Amino acid sequence: MVSKTIYILAIESSCDDTSAAVLCNDEVLSNVVATQKIHEEFGGVVPELASRAHQKNIVPVVHRALTIANIDKKQLSAIAFTRGPGLMGSLLVGTSFAKSLSLGLNIPLIEVNHMQAHILAHFIRDDKTESPKFPFLAMTISGGHTQIVLVHDYFNMEILGETLDDAVGEAFDKSAKLLGLPYPGGPLIDKNAQFGNPMALPFPKPKVDGLNFSFSGLKTSILYFIQKETKKNPDFIQENLKDICASIQYTIIEILMAKLRKAAKQTGVTQIAIGGGVSANSGIRKALKEGENKYGWTTFIPKFEYCTDNAAMIGIVGYFKYIQGRFAEYDVAVKARYQI
Ligand code: KG4
Ligand code: ZN
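Each value, and the rule that gives it
Residues numbered from 1 in each chain as written. Chains lettered and ligands numbered in written order. Predicted model: local features only at pLDDT ≥ 70, side-chain atom pairs only at ≥ 80, totals over all residues. Heavy atoms only, no water. Phe/Tyr/Trp six-rings, centres within 6.5 Å; stacked < 30°, edge-to-face > 60°. Helix = DSSP H or I, 4+ residues; strand = E, 2+ residues; numbered from the N terminus. Buried < 20%, exposed > 50% of the residue type's maximum accessible area, 1.4 Å probe, protein only. Lys NZ or Arg CZ within 6 Å of the ring centre and 35° of its normal. Contact = heavy atoms within 4.5 Å. Core = buried A, V, L, I, M, F, W, Y, C linked by side-chain atoms within 4.5 Å. Polar contact = N/O pair within 3.5 Å; in protein donor to acceptor, adjacent residues only side chain to side chain. Pairing = 2+ DSSP bridges. Axes fitted to C-alpha atoms, helices over the stretch in contact; angles between N-to-C directions.

A. A look at the packing of aromatic side chains. Scanning the model with the defined rule gives 13 aromatic pairs in all. Ring plane angle 80° and centroid distance 6.3 Å describe the contact between F123 and F320, whose orientation is recorded as edge-to-face. Taken together, the positions of F123 in the loop between α3 (114-120) and β6 (136-141) and F320 in helix α9 (residues 312-323) put the pair 197 residues apart, joining distant regions of the chain. For the residue pair F123 and F320, the accessibility class agrees, reading buried in each case. Geometrically, the ring pair formed by Y295 and W297 is tilted, given 5.2 Å between the ring centres and 40° between the ring planes. These aromatic residues form a ring-pair network of at least three members: F123, F134, F136, Y154, Y319 and F320. Sitting over the ring of F155, R326 keeps its end group 4.3 Å from the ring centre.

B. Broad picture of the side chain of S102. Looking at the secondary structure, you find S102 in helix α2 (residues 88-105). Sequence-distant contacts of S102, that is, excluding residues within four places in its chain, are made with I79, I107, P108, L109 and Y330.

C. Geometry of the nonpolar core. Core analysis: the largest hydrophobic core is formed by 45 residues, its most contacted members being L179, I252 and L256. Within the residue set of this core, elements represented by two or more residues are β6, β7 (146-153), α4 (168-178), α5 (186-193), α6 (216-232), α7 (236-267), β9 (271-275) and α8 (282-295). Counting residues per element, this core draws most heavily on α7, which supplies 15 residues. Residues within four places of L256 in sequence aside, it is in contact with M139, I141, T146, V168, F213, F215 and I284. Residues A138, F155, Y306 and I316 belong to the second largest nonpolar core, which totals 33 residues.

D. Region of the structure containing the environment of D17. Inspection of the secondary structure assignment puts D17 in strand β2 (residues 17-24). Between the C-alpha atom of D17 and that of A53, which follows or precedes it by 36 residues, the distance is 9.0 Å. Here D17 is in contact with E12, V33, A34, T35, Q36, H54 and D309, once residues within four sequence places are set aside. In terms of polar contacts, D17 uses its side chain to reach the side chain of T35, at 3.1 Å.

E. Layout of the sheet that holds β2. Spatially, the five strands line up as an open sheet ordered β3-β2-β1-β4-β5, and their pairing is mixed. At either end of the open sheet lies a strand with only one pairing partner, and these are β3 (27-35) and β5 (109-113). Across the sheet, the mean angle separating the axes of adjacent strands is 20° when strand polarity is ignored. Across eight bridges, β2 lies against β3 in antiparallel orientation. Across the sheet, the residue bridging to L23 is V28, located in β3.

The analysis is restricted to geometry; functional conclusions fall outside its scope.
Rendered as structure tokens:
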């Protein structure tokens, strides 16, 4: 057991957020995120533009994280970085930066799996939120991921199910695009859904075996439905936006919850933790609360800034790896696909 104070500088650059954080043991001293606005006009992340923006952002973001934490880089114990999964060009920026800084400061380098980080974000010490106890079920839901994982221990995780096509955030965003809403449309669907009837339009739910998910069929059925209705009435979307959003949201949440209930039943695990940007959704939050009463679940959602892509979650994994002496070699290469 290491008793000294450990300062980790963590870097996350797997998709379109450039982020740096400083942790003192399991506490976050700073967590800076530069979100790339450039992708909005394209209606989705453009990989080439993402890597360029990371190049521009990385030094100022790291500098700011150190300044806010009031830590000199000479005090750092190690550098943690996201090795994957993610966009190759984006990962390369953070990885190369982390390697150089670790070499320059002569301190260890720690590679982190982004999906493990979304799950271990639950262990960031925070006075307000409690951490789940092992074993627990973790459902990571974001624009890039949809996964249910059985977490036996910090580094012993088992994927029970994942999406076979689109991620759930993509399903929200692509549906929003069909309705003419700006990117990313997930939060706007949620906002409009508050005032609509979730039963107004019954969209089909996919039949997928086991605990895997599929969202591409839903997108297609929404597309055909909208095309058919706007042919009859060009104002159909404007006149029914709230009901359409409520129905889309209801269908997506039902797809997620059906698999989560199945996973809980199959494993007998009642500690349920969610993470990723879609955990901001009011429908999923309500459904989880209902699960507490109906199925005796204990549910966990980290602070929102630790749900979306952020470096603090990379830092907490860095801390756990540091105390176990799990360091990376300098020839470590990024992995666009990287299983937990
Ligand atoms: O984790 P995140 O910030 O980035 C990654 O995808 O890695 O997640 C962003 C996703 C987007 O698809 C966005 O539309 C969705 O999370 N999102 C929501 C809500 N807030 C964010 N989807 C539905 N309801 C929300 N309230
Ligand atoms: Zn993520």
